[in-house]
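# A structural walkthrough
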Amino acid sequence: MRASDLLHPRPEGLYCPPGDFFIDPVRPVDRALITHGHSDHARSGHRSVLATRQTLDIMGLRYGADFAGTTQAAALGETIVLNGVNISFHPAGHVLGSAQISVEHQDMRIVASGDYKRRRDATCAPFEPIRCDVFITEATFGLPVFRHPPDTEEIARLLKSAAQFPERSHLVGAYALGKAQRVMRLLRDAGHDKPLYIHGALAKLSEYYQSQGIDLGVLEPATVEGGKQDFAGAIVVGPPSAFADRWARRFPDPISCFASGWMRIRQRAKQGGVELPLIISDHADWDELTATIRETGAEEIWVTHGREEALVRWCELEGIAARPLHLVGYEDEGD
């Protein structure tokens, strides 16, 4: 069997003809396999959805209980057979519940990574390399300039700034699913035991993380009932969009922070008015992308949603067949 007979791009997303399903489709389909809960991969309106239990729960929190006609939870490592095609989900290390999807049929195995990272993260299961014939990798940070520093060092910079400016609040922009909870946990692991103040948009997901055994410490709503000085010295976490509106003006002389791999690009931080850029990413950097490709042992690499050309070129120089998939509809909610 040719790889393209097992999986190939269609306008709806990656399609498996023998299994008759899509992976992370961008429009409603009859059967969708979902890698993780970010909105560019997990959309509502499908007739049936197969995903990890945590991803299904997260979709329910974001879209409501009736986000799909029917749902089925896949346990990590469990083999599920769909029309003779063997399907299994394996940890991707991106956010809580995230998974790579292995598709195997007639001695051909393709692994679709979804989004993934290789750094240790106390808020989700670590990535597991899966040996395969074809590996479909993301390339969000698929340029050699992107080499992420240790996240502990970035959190130490935040805590140092908070200690230096006890009269000011620090507003940390972090995406609502995954990044925000990771930042909170990193702060706890660094010894910060004061309450963290969170925007309302983070409440449900953060409560869910806590229900899954991920200790985020004491979280308080970031609502000003007294004066601005109530938040002097506070660390406030919210979605990036919140810092562009009136909500952010309630805090005392706030220091604007943003946790993202894109903060490697200084001009991007400057344009966004970010005073304290925190290079914390939930995606693999260049060295991790190339190392992962080698670990899979795949003879062919398909590259999607990101800086595709550079990674394809690297594969070619390494003697590995590669091509870009040019899938559309995948933005960057997770970073």
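What you see is a predicted model; the values in this text were computed from it and never measured. (Residues numbered from 1 in each chain as written. Predicted model: local features only at pLDDT ≥ 70, side-chain atom pairs only at ≥ 80, totals over all residues. Heavy atoms only, no water.)

Each helix and strand in the chain was counted, giving eight helices and 19 strands. Over its C-alpha trace the chain gives a radius of gyration of 20 Å, about what one expects of a compact globule, namely 20 Å for 335 residues. Each of the three principal axes of the chain carries a C-alpha extent, and together these read 65 × 45 × 30 Å. The buried share of the chain, reckoned over its 335 residues, is 55%. Seen as two clouds, the 36 positive and the 45 negative side-chain charges of the chain have centres 4 Å apart. (Helix = DSSP H or I, 4+ residues; strand = E, 2+ residues; numbered from the N terminus. Rg over C-alpha atoms; globule rule 2.2 N^0.38 Å. Buried < 20%, exposed > 50% of the residue type's maximum accessible area, 1.4 Å probe, protein only. Lys, Arg positive; Asp, Glu negative; His and termini not counted. Charge placed at Lys NZ, Arg CZ, Asp CG, Glu CD.)

The general pattern is negative phi for most residues beyond glycine and trans for most peptide bonds. Of note, Asn-83 is a non-glycine position whose phi angle comes to about 50°, a positive value. Within the fold, Asn-83 resides in the loop between β7 (79-82) and β8 (85-91).

This part is about the pattern of salt bridges. Inspection of the entire model under this criterion finds 19 salt bridges. Here Lys-117 makes a salt bridge to Asp-121, at a shortest N to O gap of 2.8 Å. A single burial state applies to Lys-117 and to Asp-121, both of which are buried. A salt bridge links Asp-282 to Lys-117; the shortest N-O distance between them is 3.0 Å. Of the two residues, Asp-282 is situated in the loop between β17 (276-278) and α7 (286-296) and Lys-117 in the loop between β10 (108-112) and β11 (134-139); the sequence distance between them amounts to 165 residues. Assessed through its relative accessible area of 1%, Lys-117 is described here as buried. One continuous salt-bridge network, built from bridges that share partners, spans Lys-117, Asp-121, Asp-151, Arg-182 and Asp-282. (Salt bridge = Lys/Arg side-chain N within 4 Å of Asp/Glu carboxyl O.)

Ranked by size, the top nonpolar core spans 30 residues in total, and within it Leu-158, Val-172, Met-184, Val-237 and Leu-278 carry the most contacts. Put simply, the parts of the chain that give this core at least two residues each are α3 (151-164), α4 (179-189), β13 (196-198), α5 (203-211), β15 (235-238), β16 (255-259) and β17. Per element, the largest residue contribution to this core is five residues, and it comes from α4. In terms of nonpolar packing, the next biggest core, distinct from the first, is built from 26 residues, Ala-74, Phe-89, Ile-110 and Ile-136 among them. (Core = buried A, V, L, I, M, F, W, Y, C linked by side-chain atoms within 4.5 Å.)

We now examine the pairing of strand β19 (residues 321-324). Summarising the sheet, strand β18 (residues 300-306) and β19 pair through four bridges and their orientation is parallel. Note that in β19 the partner of Val-303 across the bridge is Pro-324. Viewed along the sheet, the connection from β18 through helix α8 (residues 308-317) into β19 turns out right-handed. (Pairing = 2+ DSSP bridges. Right-handed = clockwise from strand over helix to strand, strands pointing away.)

Here the focus is the packing of α7 against α8. Closest axis-to-axis distance for the α7/α8 pair is 11 Å, and the angle between their directions is 45°. On the basis of the axis angle, α7 is oblique to α8. The chirality of how α7 crosses α8 is right-handed. Here Trp-286, Leu-289, Thr-290, Ile-293 and Arg-294 of α7 lie close against α8, whose contacting residues are Ala-310, Leu-311, Trp-314 and Cys-315. Of the residues assigned to the contact of α7 with α8, the class counts are seven nonpolar, one polar and one charged. (Axes fitted to C-alpha atoms, helices over the stretch in contact; angles between N-to-C directions. Parallel < 35°, antiparallel > 145°, perpendicular 65-115°, else oblique. Left-handed = near helix turned anticlockwise from the far one by under 90°. Contact = heavy atoms within 4.5 Å. Nonpolar A, V, L, I, M, F, W, Y, C, P; charged D, E, K, R; others polar.)

Before going further, it helps to examine the sheet that holds strand β3 (residues 21-23). Backbone-to-backbone hydrogen bonds join strands into a sheet, with any given pair of strands oriented parallel or antiparallel. Pairing within the open sheet is mixed, and its six strands lie in the order β1-β2-β3-β4-β5-β6. Where the open sheet ends on each side, the last strands, each with one partner, are β1 (8-10) and β6 (68-73). If you compare each strand with its neighbour and ignore which way they point, the axes differ by 35° on average. Two strands pair when backbone bridges link them, and β3 and strand β4 (residues 31-33) are joined in this way by two bridges, in the parallel orientation. Residue pairing for β4: Phe-22 is matched across the bridge by Ala-32. Contacting β5 (46-51) and β6, helix α2 (residues 53-63) runs over the sheet at an angle of about 135° to β5.

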